[in-house]
Amino acid sequence: MSMAKPTSKPDTPCTDDGSHLMRNNFAVMICGLIALSLAGGVQAQSGHAPHTHGEGELSIVLDGSLLTIDVSLPGADVVGFEHKAKHEEDINKVRNAMASLLAADKLFQFQNSAACEAIEAKAKSSLIEGDEDHDHGHGDFDAEYAFRCASPSEIGELTVKLFEIFPSLHELHVVLVTGSTQSATTLKPNENIIRFVN
């Protein structure tokens, strides 16, 4: 399936601003808050800490034809370290990782019949000087995506390729919100497909 890649300036690959899209879709914002709340509950019930090496967080909201995805990954699993990137080699690793995170069509694969197109993508990391300070020395990578699907009822399932891009990941804790339905699941390298229930 051919999907449009999010555009970004070469010198600032992580500053794509999708805020206007979110402002224009109040329902998605509300659903996102519900998803984050549910994610916190799932973590508390399962005993997962907010930041655990090898484990990432994935929140998905489908509202009409708009599907948004929020991703949070530990720095150790993305670039192999969690300290501030001050040397050129470390800075390049972080920037390359963020560029990989911007390649939405390589990270998420939809069924062809859903005709989903990536329209927004942005990524940031607390490992880059100038970004928000990471808490207790645990650096993270965060990314946000928006897809427009011509036939959202045909999505059926979503294949997540993050395990292939960042092989030290072994679990992704997922919260899925579709309309009035909320669910939570855990993905693993050999179980990387999210199924949507219409």
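Residues numbered from 1 in each chain as written. Predicted model: local features only at pLDDT ≥ 70, side-chain atom pairs only at ≥ 80, totals over all residues. Heavy atoms only, no water.

Draft legend 1. Geometry of unusual backbone geometry. Here A115, not a glycine, exhibits a phi torsion of approximately 50°, which is positive. Within the secondary structure, A115 sits in the loop between β3 (108-110) and β4 (116-125). (Helix = DSSP H or I, 4+ residues; strand = E, 2+ residues; numbered from the N terminus.)

Draft legend 2. Quick look at the sheet that holds strand β6 (residues 157-160). With respect to topology, three strands assemble into an open sheet ordered β3-β6-β9, the strand pairing being antiparallel. Of all strands in the sheet, those bounded by a partner on one side alone are β3 and β9 (193-195). Taking the axes of each pair of neighbouring strands and ignoring which way they run, one obtains an average angle of 25° across the sheet. Pairing analysis gives three bridges linking β6 to β9, with the strands arranged antiparallel. By the bridge assignment, T159 is partnered in β9 with I193. (Pairing = 2+ DSSP bridges. Axes fitted to C-alpha atoms, helices over the stretch in contact; angles between N-to-C directions.)

Draft legend 3. A look at the packing of aromatic side chains. Inspection of the entire model under this criterion finds three aromatic pairs. On the basis of an interplanar angle of 70° and a centroid distance of 5.1 Å, the ring pair of F108 and Y145 is categorised as edge-to-face. Here F108 is found in strand β3, whereas its partner Y145 is found in strand β5 (residues 140-149), with 37 residues between them in sequence. Residue F108 is classed as buried on the basis of its relative accessible area, which comes to 0%. (Phe/Tyr/Trp six-rings, centres within 6.5 Å; stacked < 30°, edge-to-face > 60°. Buried < 20%, exposed > 50% of the residue type's maximum accessible area, 1.4 Å probe, protein only.)

Draft legend 4. Highlighting the pattern of salt bridges. In total, this model carries four salt bridges according to the counting rule given. Residue K122 is joined to E144 by a salt bridge in which the shortest nitrogen-to-oxygen separation is 3.5 Å. Pair noted here: K122 is in strand β4 and E144 is in strand β5, with a separation of 22 residues, a long-range link. In this structure, E157 and R195 form a salt bridge, with 3.9 Å as the shortest nitrogen-oxygen distance. Separated by 38 residues along the polypeptide, E157 in strand β6 and R195 in strand β9 bring together distant segments of the chain. The class for E157 is partly exposed, based on a relative accessible area of 26%. Residue classification places R195 among the exposed positions, given a relative accessible area of 57%. (Salt bridge = Lys/Arg side-chain N within 4 Å of Asp/Glu carboxyl O.)

Draft legend 5. A look at the pairing of β6. Pairing of β3 with β6 involves three bridges; the strand directions are antiparallel. Bridging from a neighbouring strand, F110 pairs with L158 of β6.

Draft legend 6. Molecular detail of the sheet that holds strand β7 (residues 171-178). The strand order across the open sheet formed by six strands is β4-β5-β2-β1-β7-β8, and the pairing between neighbours is mixed. Pairing within the sheet leaves two strands with one partner each, and these edge strands are β4 and β8 (181-187). Neighbour to neighbour, the strand axes of the sheet diverge by 15° on average, direction disregarded. Here seven bridges tie strand β1 (residues 55-63) to strand β2 (residues 66-74), and the two strands are oriented antiparallel to one another. Note on β2: the bridge partner recorded for S59 is D70.

Draft legend 7. Spatial organisation of the pairing of β7. Counting buried residues in β7 gives eight out of eight residues, a clear majority hidden from the surface. Because side chains alternate across β7, one face comprises the buried residues E171, H173, V175 and V177, and the other comprises L172, V174, L176 and T178, equally buried.

Draft legend 8. Looking closely at the state of the cysteines. For the structure on display, the rule yields one disulfide. The disulfide partner of C116 is C149, and the S-S distance across this bridge is 2.1 Å. Taking the sign of the S-S torsion, about 110° here, the bridge from C116 to C149 comes out right-handed. With C116 in strand β4 and C149 in strand β5, this pair connects stretches of sequence that are 33 residues apart. Taken as a pair, C116 and C149 share a single burial class, namely buried. (Disulfide = S-S within 2.5 Å.)

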